[in-house]
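So you can see what is in the structure, the chains are spelled out below.
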Amino acid sequence: MNNFKNLRGTVDLLPDQLIKWQNVEKIIIEQLFRASVKEIRTPILEMTELFMRGIGEGTDVVSKEMYTFLDRGERSCTLRPEGTASVVRALIQNGVSSKPSQKLWYMGPMFRYERPQAGRQRQFHQLGVEFVGYESARSDIEIITLAWDILEKLGIKELNLEINTLGDQNDRSNFQKAFLKWLEVNKNSLDLDSQKRIDKNPLRILDTKNVQTKKILEDSPKLVDFLSEKSLERYLTIKDKLKLLKIPFIENFNLVRGLDYYTHTAFEITSGLLGSQATVCGGGRYDNLISQMGGTETPAIGFAIGLERLILLSGKDLEESRETDIYIVNKGLNAETMAMDLSRKLRNYDLKTELDLSGASFSKQFKKANKLKSKSIIVIGDDEALKNEFIIRLFNQENFENMEETISVDDVTKLDNWLDKNLLLKRS
Ligand code: ATP
Ligand code: MG
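Criteria and thresholds
What you see as residue numbers is a count from 1 along each chain, following the sequence as written. Lettering of chains starts at A and numbering of ligands starts at 1, both following the order in which they are written. In view of the model being predicted, local features appear only for residues whose pLDDT reaches at least 70, and side-chain atom pairs are presented and counted only at 80 or more, with totals across whole chains, interfaces and linings using the full set of residues. Hydrogen atoms and water are omitted, and side-chain values are computed over all heavy atoms in the structure. Numbering goes from the N terminus for both helices and strands, where a helix is a DSSP run of H or I of at least four residues and a strand is a run of E of at least two. By this rule the span expected of a helix is its residue count minus one, scaled by 1.5 Å. Only protein chains enter the accessibility calculation, which uses a 1.4 Å probe; a residue is then buried when its area is under 20% of its type maximum, exposed when over 50%, and partly exposed in between. Working note: the arc is built from the helix axis to C-beta atom directions. In what follows, a contact means two residues having at least one pair of non-hydrogen atoms within 4.5 Å. When DSSP finds two or more bridges between a pair of strands, those strands are recorded as paired. For Phe, Tyr and Trp, rings pair up if their centres lie within 6.5 Å, where Trp contributes its six-membered ring, and each pair is then called stacked (planes under 30 degrees apart), edge-to-face (over 60) or tilted (otherwise). Lysine NZ or arginine CZ positioned within 6 Å of the ring centre and within 35 degrees of the ring normal marks a charge as sitting over the ring. In these notes, residues near a molecule or strand are those with any non-hydrogen atom within 4 Å of it. Nitrogen and oxygen atoms within 3.5 Å of one another constitute a polar contact, given that in protein one can donate a hydrogen and the other can accept it, and given that sequence-neighbouring residues count only through two side-chain atoms. Under the grouping applied here, Gly and all other residues not named as nonpolar or charged are polar, the nonpolar ones being Ala, Val, Leu, Ile, Met, Phe, Trp, Tyr, Cys and Pro and the charged ones Asp, Glu, Lys and Arg.

**Description of helix H9 (residues 229-244)**
Move 1: For H9, with 16 residues, the first-to-last C-alpha span of 22 Å sits near the 22 Å given by 1.5 Å per residue.
Move 2: Residues Ser231, Arg234, Tyr235, Ile238, Lys239 and Leu242 constitute the buried set of H9. Projected down its long axis, H9 carries its buried residues within an arc of 135°, all on one side. Facing away from the buried side of H9 by over 90 degrees, the exposed positions are Glu229, Lys230, Glu233, Lys243 and Leu244.
Move 3: Contact partners of the buried residues in H9: helix H5 (137-153), strand E7 (159-165), helix H6 (169-186), strand E8 (250-251), strand E9 (263-271) and strand E10 (279-285).
Move 4: Lys246 sits one or two positions beyond H9 and adopts a positive phi of about 60°.

Here it is, written out as structure tokens:
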């Protein structure tokens, strides 16, 4: 017999862990709803070409990390490594990119072939938010504050916001000329990976994790010095507004998002509590992407938050969040049928019920109800079933007899009253 195991870098989320996940997701979705951001869902599987164009062939994600395969029709398919390219495709394809503006979110699994470690998996989850059709500096601020507030609402501590500007394409190509000159002179002091990037994607060198290269880069030309007046003004506005809104930030002139289509604002949020995989959120403006992918020229900005890292940060696993309201003890052929029928009816109420399916003795079933700390129990034996009745009572109350009621299956009002009085619940 084979002992099957999950693939490296993938994770099973078991019920106890999912209590925390669901809680985090609920808070996120609520925040997004309150900010009028709407959900969009796109396929997990896309044409490989989409990501090559949408993310860029020189990037790590495309060159090293994609899960790509041929399907049975010999089409090259890729499991999405991120969400922006798919959202943009969906908007263009469905003709909605020409709508004036929209605020969208998505949440789900992403796939990257990376070395797994704490906070880094091959199948992981992201929340992404994209504001499409928004150009003003105020939309940059709204995006940043939205990400910041979600993280704060989740109680994530030691947050640091880093911002930078990448200017527009013109600013960047002016900078790149100066930067390439500097790179030529300093080439031999750089690590090998960075040296290789000089021809392919020089901007990305700024993002190196190599400590020595980082040190040398401190003296390199800075993009911010090559900004046009307009781009600089935009950047200053954003800094001013963040200060007014009391969102602390630091400027990191080496913060680049490696993709060619990024423009102006780039930002990252890290947490001091995360160790080496510190980035929880990465975002930026991508005014050129939609037109590059065949849509009409549309400014846009977005961010993505890694949910695994959020979960690592949001404290220990939670206890089961809601107790069982009613445990249905039942034994005997007729009783079992009646219990099934009753448990279906009880799902019309905002109640957490559990139907015992064991067929074990009454005392064993009581023990199970006790273990679950169920607030109340329904008891049905064949005697009750014969009379079309059931007994309902609060569980573990000393004088439970006062709370006990025998109710006929058809007497909805009596059941309503009992539930109302004892569990403070009404039928929904
Ligand atoms: P990193 O530098 O950590 O690889 P990245 O720049 O590749 O991050 P983005 O593409 O900006 O990451 O994705 C946004 C967020 O998604 C990251 O900040 C991180 O929280 C999360 N993330 C990215 N890759 C992974 C992964 N392999 N496992 C878990 N979370 C991830
Ligand atoms: Mg990465």
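After that view, the rundown keeps rolling.
**A look at the pairing of strand E14 (residues 376-380)**
Move 1: Taken across its five residues, E14 has five buried, putting it largely inside the fold.
Move 2: Burial along E14 is two-sided: Ser376, Ile378 and Ile380 facing one way and Ile377 and Val379 facing the other are all buried.
Move 3: As paired strands, strand E12 (residues 326-330) and E14 are joined by five bridges and run parallel to one another. Counterpart to Tyr327 in the pairing with E14 is Ile377.
Move 4: Pairing analysis gives four bridges linking E14 to strand E15 (residues 389-394), with the strands arranged antiparallel. Looking across to E15, one finds that Ile378 is bridged to Ile392.

**Looking at the packing of aromatic side chains**
Move 1: Tallying each qualifying case throughout the model produces five aromatic pairs.
Move 2: Ring pairs connect the aromatic residues Phe175, Phe179, Trp182 and Phe226, which therefore count as one cluster.
Move 3: Across from the ring centre of Tyr113, 3.9 Å away, lies the NZ or CZ of Arg122, which sits over that ring.

**Re the site of ligand 1**
Move 1: Lining the immediate surroundings of ligand 1 are 15 residues, of which Arg112, Glu114, Arg120, Gln121 and Arg257 lie closest.
Move 2: Gly306 is positioned with one of its backbone polar atoms (N or O) 3.4 Å from an oxygen atom of ligand 1.
Move 3: Those elements that provide at least two residues to the shell around ligand 1 are strand E6 (123-132), E10 and strand E11 (300-306).
Move 4: If one sorts the elements of the shell around ligand 1 by residue count, E10 sits on top with three residues.
Move 5: Of the residues in the shell around ligand 1, the class split is four nonpolar, five polar and six charged.

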